[in-house]
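Each chain, written out:
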Amino acid sequence: MSKVHGGCAAVNAVPLVPWPCAGTRSWTGLHTAPKSSEATMDNERLKIWIGFVKFLLGTVILGLVTTFVNNEIQNREIELKEIEQLGKFIDHALTEDVGVRKRFAHYFSKVTRSERLRERWSEYYADVEKEFLATQEKKQKIEERLASNEKLKPEVRANLVKQAAVLEEALKPIPSQRGEQVLQAQKILIALGYSIDSADGFAGPQTRSAVKDFQSRSGLRADGMIGAATYDRLVKERENILIREIKEKIKKEGKINKISLIKWIRSETGWGLKDSKEFVDGVLELDIESENK
């Protein structure tokens, strides 16, 4: 059933949205209500999307920053570990001749994990390369002078040959031996009659040549390096020489002056008082035993 109200038909049910009748003025506000609701929903969706994008961007940026910081920390830790490891022998390596330093610089410029350290090693390698080429040129000029001038005085020629040999050794990528052990080995080699200009603790060409000859005579591998086996054999030979010299002193003087022998041993070997005393006591005991036999 419907009722007529004001010339308009009305539904018995409660009207949710009034509808304008024909011939009456249109109610424009009734038509804009659904559009306003849709706009509100669109705004809410936009806010949600903006919030999601902000969260996503924030998460990504935070992740990137965190990754970058972690990488920087890891690189720094790697640098510190490499510096610590290299510090154990880098000072020694960088005091070597140019050939060895060139080899070290080239190696570390390739294998160092830290990019910054690799760049520094590359720069150092470029400098060492220049020094290496300059050393090569200097050696070549000396050799050319030796080859082109046959009237050089013997002492001048010998000096030039020695300079060329030193430069040749400097160009080799093999670390040289130096230090107290080399110094003692040189003293022993000189005592054994080998030709070495001076005992300076640096294993140059003459020292390596003498070591090779000694190794060949002793049945050792002749590589010219003063390793543990070679040094032990040299020390044994030195002790044999000292024993013979002590016996000759006793025989010449006709008496045993133990204090004088200990002082002489210390001056010859650089041993401490205890070692020198034990050595002299051992020699004297051997001498007494041989006499009793």
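Residues numbered from 1 in each chain as written. Predicted model: local features only at pLDDT ≥ 70, side-chain atom pairs only at ≥ 80, totals over all residues. Heavy atoms only, no water.

Things to note about the overall build of the protein
Counting its regular elements, the protein contains 10 helices and 2 strands. Reading the helices (α) and strands (β) of the protein from amino to carboxyl end gives β-β-α-α-α-α-α-α-α-α-α-α. Classification of the 293 residues of the protein by burial places 27% in the buried group. Here the contacts in the protein between residues at least 6 apart in sequence split such that 43% fall between residues at least 24 apart. In the form shown here, the protein has an accessible surface area of approximately 21,100 Å², with 57% of it arising from carbon and sulfur atoms. (Helix = DSSP H or I, 4+ residues; strand = E, 2+ residues; numbered from the N terminus. Buried < 20%, exposed > 50% of the residue type's maximum accessible area, 1.4 Å probe, protein only. Contact = heavy atoms within 4.5 Å. Areas by Shrake-Rupley, 256 points an atom, 1.4 Å probe, with all protein chains shown as cover.)

What about the packing of aromatic side chains?
Within this structure, the stated rule accounts for 4 aromatic pairs. Ring pairing ties together the aromatic residues Phe-104, Tyr-107, Phe-108, Trp-121 and Tyr-124, which thus form one cluster. In this arrangement the basic side chain of Lys-102 is found over the ring face of Phe-132, its NZ or CZ atom lying 4.0 Å from the centre. (Phe/Tyr/Trp six-rings, centres within 6.5 Å; stacked < 30°, edge-to-face > 60°. Lys NZ or Arg CZ within 6 Å of the ring centre and 35° of its normal.)

As for the environment of Val-161
Positionally, Val-161 belongs in helix 5 (residues 154-171). Here Val-161 falls in the partly exposed class, since its relative accessible area comes to 43%. Each C-alpha atom, one on Val-161 and one on Leu-146, is 7.9 Å from the other, the two residues being 15 residues apart in sequence.

Comments concerning the side chain of Ser-218
Residue position: Ser-218 is located in helix 7 (residues 205-218). Look at Ser-218 and you get buried, because its relative accessible area is 18%. One polar contact links the side chain of Ser-218 to the main-chain carbonyl oxygen of Phe-214, over a distance of 2.8 Å. (Polar contact = N/O pair within 3.5 Å; in protein donor to acceptor, adjacent residues only side chain to side chain.)

A look at the pattern of salt bridges
In total, this model carries 9 salt bridges according to the counting rule given. Of the charged contacts, one joins Glu-129 and Lys-102 as a salt bridge, the two residues approaching to 3.3 Å between their closest N and O atoms. With Glu-129 in helix 4 (residues 115-148) and Lys-102 in helix 3 (residues 98-111), this residue pair connects regions lying 27 residues apart in the sequence. A salt bridge links Lys-139 to Glu-168; the nearest nitrogen and oxygen atoms lie 3.1 Å apart. Here Lys-139, found in helix 4, pairs with Glu-168, found in helix 5; they are 29 residues apart in sequence, far enough to count as distant. With a relative accessible area of 13%, Lys-139 lands in the buried category. Relative accessible area serves as the criterion here: at 33%, Glu-168 is assigned to the partly exposed category. It is possible to trace a salt-bridge network through shared partners that takes in Lys-139, Glu-143 and Glu-168. (Salt bridge = Lys/Arg side-chain N within 4 Å of Asp/Glu carboxyl O.)

Quick notes on the confidence of the model for the protein
Regions with low pLDDT should not have their predicted coordinates read in detail. Of the residues in the protein, 77% reach a pLDDT of 70 or more, and the chain-wide mean stands at 76. When pLDDT is averaged over each element of the protein, helix 4 comes out on top at 91 and strand 1 (residues 2-5) at the bottom at 45. pLDDT under 50 marks residues 1-33. Its contacts with residues more than four places away, or in other chains, come to 16 contacts. (pLDDT = per-residue confidence, 0-100.)

So, the nonpolar core
In globular proteins that are soluble, nonpolar side chains generally tend to be buried together. By size, the foremost hydrophobic cluster in this structure holds 13 residues, and its most contacted members are Ala-185, Leu-189, Tyr-194, Ala-210, Phe-214, Ile-226 and Leu-234. Per element, the largest residue contribution to this core is 4 residues, and it comes from helix 6 (residues 180-191). In contact with Ala-185, not counting residues within four places along its chain, are Ile-226, Tyr-231 and Leu-234. Core analysis: the second largest hydrophobic core is formed by 12 residues, Leu-242, Ile-246, Trp-264 and Ile-265 among them. (Core = buried A, V, L, I, M, F, W, Y, C linked by side-chain atoms within 4.5 Å.)

Thoughts on the packing of helix 4 against helix 5
Between helix 4 and helix 5, the least distance of the axes is 9 Å, while the angle of their chain directions is 150°. In terms of orientation, helix 4 lies roughly antiparallel with respect to helix 5. The crossing of helix 4 and helix 5 is left-handed. Across the interface between the two elements, Phe-132, Thr-135, Gln-136, Lys-138, Lys-139, Ile-142, Arg-145 and Leu-146 of helix 4 pack against Val-156, Arg-157, Leu-160, Val-161, Gln-163, Ala-164, Leu-167, Glu-168 and Leu-171 of helix 5. Classifying every residue of the contact of helix 4 with helix 5 gives 9 nonpolar, 3 polar and 5 charged. (Axes fitted to C-alpha atoms, helices over the stretch in contact; angles between N-to-C directions. Parallel < 35°, antiparallel > 145°, perpendicular 65-115°, else oblique. Left-handed = near helix turned anticlockwise from the far one by under 90°. Nonpolar A, V, L, I, M, F, W, Y, C, P; charged D, E, K, R; others polar.)

A short note on helix 3
Between its terminal C-alpha atoms helix 3 stretches 20 Å, which fits the 20 Å expected from 14 residues at 1.5 Å a residue. Taken together, the buried positions of helix 3 are Val-98, Gly-99, Val-100, Arg-101, Lys-102, Ala-105, Phe-108 and Ser-109. (Expected span 1.5 Å × (residues − 1).)

Structural notes on the packing of helix 6 against helix 8 (residues 228-253)
One can describe the packing of helix 6 onto helix 8 by two numbers: an axis separation of 10 Å at closest approach and a directional angle of 45°. Accordingly, the angle class assigned to the pair helix 6 and helix 8 is oblique. Read as a crossing pair, helix 6 and helix 8 show a hand that is left-handed. Note on element contacts: helix 8 touches helix 6 through Tyr-231, Leu-234, Val-235, Arg-238 and Ile-241, opposite Gln-181, Gln-184, Ala-185, Ile-188, Leu-189 and Ala-191. Classifying every residue of the contact of helix 6 with helix 8 gives 8 nonpolar, 2 polar and 1 charged.

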